[in-house]
Amino acid sequence: MPLVMLCPACDLAHRCTAAPAFVRTRCVRCHKPLQVARDATIDTAIALAACASVLMFLANVYPLVAMHVNGASRQTTLIGAALGLYDQHYKMLAVLVFLTIFVAPLLHVVTLLYVLVPMWIGRSAYGQNFVIRLITRVRPWSFTEVFLLGSVVALVRLAKFAHVVPGIALWSCVLLMLCLSAMTSRTSSEQLWQWAGRGPP
Ligand SMILES: [Zn+2]
């Protein structure tokens, strides 16, 4: 039985066998793109995921920023920023920050590597289908870019009152944001199912 693809704009069902998966196709009714040509390879996705894991390590180990004001110096890490919010009684916000800047990106990268590396050598990871579904759920919760944008705005404003020195973690976060974007664009759920060798069950 042929697989069916729904148009994201008008929900018209199309048979997936109508065109090869690597060809750009449009909906016959509303002409919105149904699928775009994909040039992603597992090698690229694994390289980006490995790069993201190294950047994530650097972003969490080294100081995010150091501030010097009136002779006193203070520095904090990414996790320290979330703990700071917790200490100031913004507990829900602290949990949200921790989940979206640490747990979700880490889970995204680890689960991707978990399914991609076995695929690369022609095998299937244990629980592959479950993990691919998990990746689809986890992906929208990664907000590194939002955190980074907020941090940069805060640091620019703080620079009027204190000497602010961006740390290695901040630069790592910038690179991590770019790396995660590139990784996410190359590992859509459709692409993962295609690499897994079949459509979503
Ligand atoms: Zn349509």
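Remember, predicted model here, so these are calculated numbers, not experimental data. (Residues numbered from 1 in each chain as written. Predicted model: local features only at pLDDT ≥ 70, side-chain atom pairs only at ≥ 80, totals over all residues. Heavy atoms only, no water.)

## Remarks on unusual backbone geometry
Of note in this structure, H31 is not a glycine but carries a positive phi near 65 degrees. Within the secondary structure, H31 is located in the loop between β3 (25-26) and β4 (33-35). Exposure remark for H31: the relative accessible area of 51% places this residue in the exposed category. Its identity is not glycine, yet H89 carries a phi of approximately 70 degrees, on the positive side. Following the sequence through the fold, H89 ends up in the loop between α2 (78-87) and α3 (91-120). (Helix = DSSP H or I, 4+ residues; strand = E, 2+ residues; numbered from the N terminus. Buried < 20%, exposed > 50% of the residue type's maximum accessible area, 1.4 Å probe, protein only.)

## A word on the packing of aromatic side chains
For any two aromatic rings, the description comes down to two numbers: the centre-to-centre distance and the angle of the planes. All chains considered together, the criterion is met by one aromatic pair. Between F98 and F102 the ring centres are 5.3 Å apart and the planes differ by 25 degrees, which places this aromatic pair in the stacked class. Here the residue F98 and the residue F102 both occupy positions in helix α3, the gap between them amounting to four residues, near one helical turn. Judged by relative accessible area, which is 24%, F102 ranks as partly exposed. (Phe/Tyr/Trp six-rings, centres within 6.5 Å; stacked < 30°, edge-to-face > 60°.)

## So, the coordination of the zinc ion
In the first shell of the zinc ion, the protein supplies C7 (SG), C10 (SG), C27 (SG) and C30 (SG), at 2.3 Å from the metal. Because the angles between the four donor atoms bound to the zinc ion fall within 103 to 117 degrees, the donor set is best described as tetrahedral. (Donors = N, O, S within 2.8 Å, 3.2 Å for Na, K, Ca; no water. Tetrahedral: all angles 85-135°; square planar, octahedral: opposite > 155°, others 65-115°.)

## A short note on the sheet that holds strand β5 (residues 65-69)
Across the sheet, three strands lie side by side as β6-β5-β7; this open sheet has antiparallel pairing. Both edges of this open sheet fall to β6 (72-76) and β7 (163-166), since each of them pairs with a single strand only. Between one strand axis and the next, the sheet turns through 15 degrees on average, direction left out of account. Sheet topology places β5 next to β7; four bridges connect them, and they run antiparallel. (Pairing = 2+ DSSP bridges. Axes fitted to C-alpha atoms, helices over the stretch in contact; angles between N-to-C directions.)

## Quick word on a nonpolar patch on the surface
A cluster of nonpolar side chains, contributed by Y90, L93, L96, W141, F143 and V146, occupies part of the molecular surface with about 610 Å² of accessible area. Considering the arrangement of structural elements, one finds L93 in helix α3. (Patch = residues over 30% accessible without salt bridge, like charges linked within 9 Å, V, L, I, M, F, W, Y side chains within 5 Å. Areas by Shrake-Rupley, 256 points an atom, 1.4 Å probe, with all protein chains shown as cover. Salt bridge = Lys/Arg side-chain N within 4 Å of Asp/Glu carboxyl O.)

## So, the domain arrangement of the chain
Where interface size is quoted, it is often the accessible area lost as the parts come together. Considered domain by domain, the chain is made up of domain 1 (1-37) and domain 2 (40-196). In this structure, domain 1 and domain 2 have C-alpha centres spaced 33 Å apart. (Domains from an automatic or database assignment.)

## Quick notes on the layout of surface pockets
What the largest pocket holds in volume is close to 700 Å³. For the largest pocket, the lining is made up of 21 residues, of which L64, V65, M67, T76 and A81 are closest to its centre. Sort the elements by how many residues they give to the lining of the largest pocket and helix α5 (residues 144-158) lands first, with six residues. (1 Å grid on protein atoms, 1.4 Å probe; cavity = no way out; pocket = protein on both sides within 12 Å on 5 of 7 lines; lining within 4 Å. Points joined across faces, edges and corners; volume = space filled by probe spheres on them.)

## Quick word on helix α7 (residues 189-196)
Within α7, six of the eight residues are buried, which leaves it mostly tucked inside the rest of the structure. Of all the positions in α7, only S189, Q191, L192, W193, W195 and A196 are classed as buried. Taken from the residues just after α7, G197 is the one with a positive phi, measuring 95 degrees.

## Focus on the confidence of the model for the chain
A residue-level look at the chain finds 91% of positions with pLDDT of 70 or above and a mean pLDDT of 84. Mean pLDDT in the chain bottoms out at β4, which sits at 77, and peaks at helix α1 (residues 42-61), which reaches 92. (pLDDT = per-residue confidence, 0-100.)

## Overview of the packing of helix α4 (residues 128-138) against α7
Direction vectors running N to C along α4 and α7 enclose 165 degrees, while the axes themselves pass 10 Å from each other. As judged from the angle between their axes, α4 and α7 are roughly antiparallel. α4 and α7 meet at a crossing whose hand is right-handed. Contacts between α4 and α7 involve Q128, N129, I132, R133, I135 and T136 from the former and S189, L192, W193 and A196 from the latter. Looking at the contact of α4 with α7 residue by residue, the classes come out as five nonpolar, four polar and one charged. (Parallel < 35°, antiparallel > 145°, perpendicular 65-115°, else oblique. Left-handed = near helix turned anticlockwise from the far one by under 90°. Contact = heavy atoms within 4.5 Å. Nonpolar A, V, L, I, M, F, W, Y, C, P; charged D, E, K, R; others polar.)

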